[in-house]
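# Structure assessment
Below are the chains, spelled out letter by letter.
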Amino acid sequence: MIDQMVLKVNNLTIKRGENILVNNISFPIYKEEIFCLVGESGSGKSITSRAIMGLLHKSRFKVEGNILLNTRKAMDLTKQTEKEWQKIRGEDIALIYQNPTLALHPFLKIGTQMTDMLRSRKELSKKKALEEIYKQLSLMNFPDPKKIANSFPSQLSGGMNQRVMISMSLLLRPALLIADEPTTGLDTINQKKIIERLVELKEKYKMSILFITHDLRIVSQIADKVAVMEDGQLVEVEPLSVIQKRPQHPYTKELWKQLPDFWRKEEFHDSRS
Ligand SMILES: Nc1ncnc2c1ncn2[C@@H]1O[C@H](COP(=O)(O)OP(=O)(O)OP(=O)(O)O)[C@@H](O)[C@H]1O
Ligand SMILES: [Mg+2]
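The structure reproduced in this document is the subject of the present report.

The next thing to look at is the coordination of the magnesium ion (ligand 2). Within the protein, Ser 46 (OG) and Gln 98 (OE1) serve as the donor atoms for the magnesium ion (ligand 2), at 2.0 to 2.4 Å. Pair noted here: Ser 46 is in helix 1 (residues 45-52) and Gln 98 is in the loop between strand 6 (93-96) and helix 3 (110-121), with a separation of 52 residues, a long-range link. When its relative accessible area of 22% is taken as the criterion, Ser 46 is described as partly exposed.

Structural data, given as structure tokens:
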């Protein structure tokens, strides 16, 4: 692995009024690393990803600490203006939302949303942009990408919209992809294919991925590092092989116990390459 840090979260605390939603967490993500963030519902995973993506409204949330990004240049994400964010989002970091309806415009066709996004950042003819979009959609297992591009989100299933959103997030080849439960709405076969494709594209585009999931089977297949969140705190951050062999924190032990033996085996993890 190339030893270059892409993201460094330092003492991040997120408050909403009196409530501390995330409590003083720190972690680095390295280039081309898959960093899996796990933890029970409500532990603070999505809100952490929204803070990294600069999506927490200042009037509602108080964010303390630093979030350093080192992609085109080094910058502290907590100090960027909305104008700067427009360039950062998509190119430096892209987010696949847990809920696709948050990311897709309901009244615009998929193709229009995707070409608008691509052409707002790149000098491309409409024809070239469409070609790129069809290519990206077929990578996400759509056999007829033209038909998908011609549809409104309401004409597609939840799982299809999820795959559209993944295609969209990859359009600008971000240095860091944050994937928040990206495959929850998918059937097992599509889930497997999409995860494999994401890992392939990570290598091709030399991306890092912050992968948020409840599914420890996925974690044991793709993670380089695993971070466990409990009640707003990061209780353990270790390489997958370490956390598999010697989970330290009681919560991690309990979590790992729920995984069937087959998935816990290291040989399985090694055999994927
Ligand atoms: N928009 C919001 N306004 C107020 N509180 C919020 C908001 N979003 C999340 N929270 C609170 O922050 C805490 C963490 O929520 P978060 O969505 O990050 O959990 P999560 O770990 O992603 O859970 P899940 O696995 O169910 O997606 C919860 O207590 C939640 O109620
Ligand atoms: Mg969540």
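With that settled, the discussion passes to the pairing of strand 8 (residues 208-212). Most of strand 8 is tucked away: 5 of the 5 residues are buried. Side-chain alternation along strand 8 places Ser 208, Leu 210 and Ile 212 on one buried face and Ile 209 and Phe 211 on a second face that is also buried. Pairing between strand 3 (residues 34-39) and strand 8: 4 bridges, direction parallel. Within strand 8, the residue paired with Phe 35 across the bridge is Leu 210. Here 5 bridges tie strand 7 (residues 176-180) to strand 8, and the two strands are oriented parallel to one another. Bridge pairing links Leu 176 to Ser 208 in strand 8. You can see the chain leave strand 7, run along helix 7 (residues 188-205) and come back into strand 8, and the turn it takes is right-handed.

Mapped onto the elements of the fold, Val 9 is located in strand 1 (residues 5-16). Separated by 20 residues in the primary sequence, Val 9 and Ile 29 have C-alpha atoms spaced 8.6 Å apart. Val 9 has contacts with Ile 25, Ser 26, Phe 27, Ile 52, Asn 66 and Ile 67, leaving out every residue within four places of it along the chain.

Read from one edge to the other, the open sheet built from 4 strands follows the order 2-1-4-5, with strand pairing classed as antiparallel. Because the sheet does not close on itself, it has two edges, and the strands there are strand 2 (19-30) and strand 5 (74-76). The sheet shows a mean angle of 5° between the axes of neighbouring strands, direction not considered. Contacts between helix 1 and the sheet are confined to strand 1, strand 2 and strand 4 (62-70), with strand 1 contributing the most and set at about 115° to the helix.

A few words on the site of ligand 1. The full set close to ligand 1 counts 14 residues, and Ser 41, Gly 42, Lys 45, Ser 46 and Ile 47 are the nearest of them. Side-chain polar atom of Ser 41 to an oxygen atom of ligand 1: 2.6 Å apart, as the coordinates give it. Between ligand 1 and the protein, one listed contact pairs an oxygen atom with a backbone N or O atom of Gly 44 at 3.0 Å. Against a free-state accessible area of 630 Å², the protein chains account for coverage of 65% of ligand 1.

Reading guide: rules and limits
Residues numbered from 1 in each chain as written. Chains lettered and ligands numbered in written order. Predicted model: local features only at pLDDT ≥ 70, side-chain atom pairs only at ≥ 80, totals over all residues. Heavy atoms only, no water. Donors = N, O, S within 2.8 Å, 3.2 Å for Na, K, Ca; no water. Helix = DSSP H or I, 4+ residues; strand = E, 2+ residues; numbered from the N terminus. Buried < 20%, exposed > 50% of the residue type's maximum accessible area, 1.4 Å probe, protein only. Pairing = 2+ DSSP bridges. Right-handed = clockwise from strand over helix to strand, strands pointing away. Contact = heavy atoms within 4.5 Å. Axes fitted to C-alpha atoms, helices over the stretch in contact; angles between N-to-C directions. Near = heavy atom within 4 Å. Polar contact = N/O pair within 3.5 Å; in protein donor to acceptor, adjacent residues only side chain to side chain. Areas by Shrake-Rupley, 256 points an atom, 1.4 Å probe, with all protein chains shown as cover.

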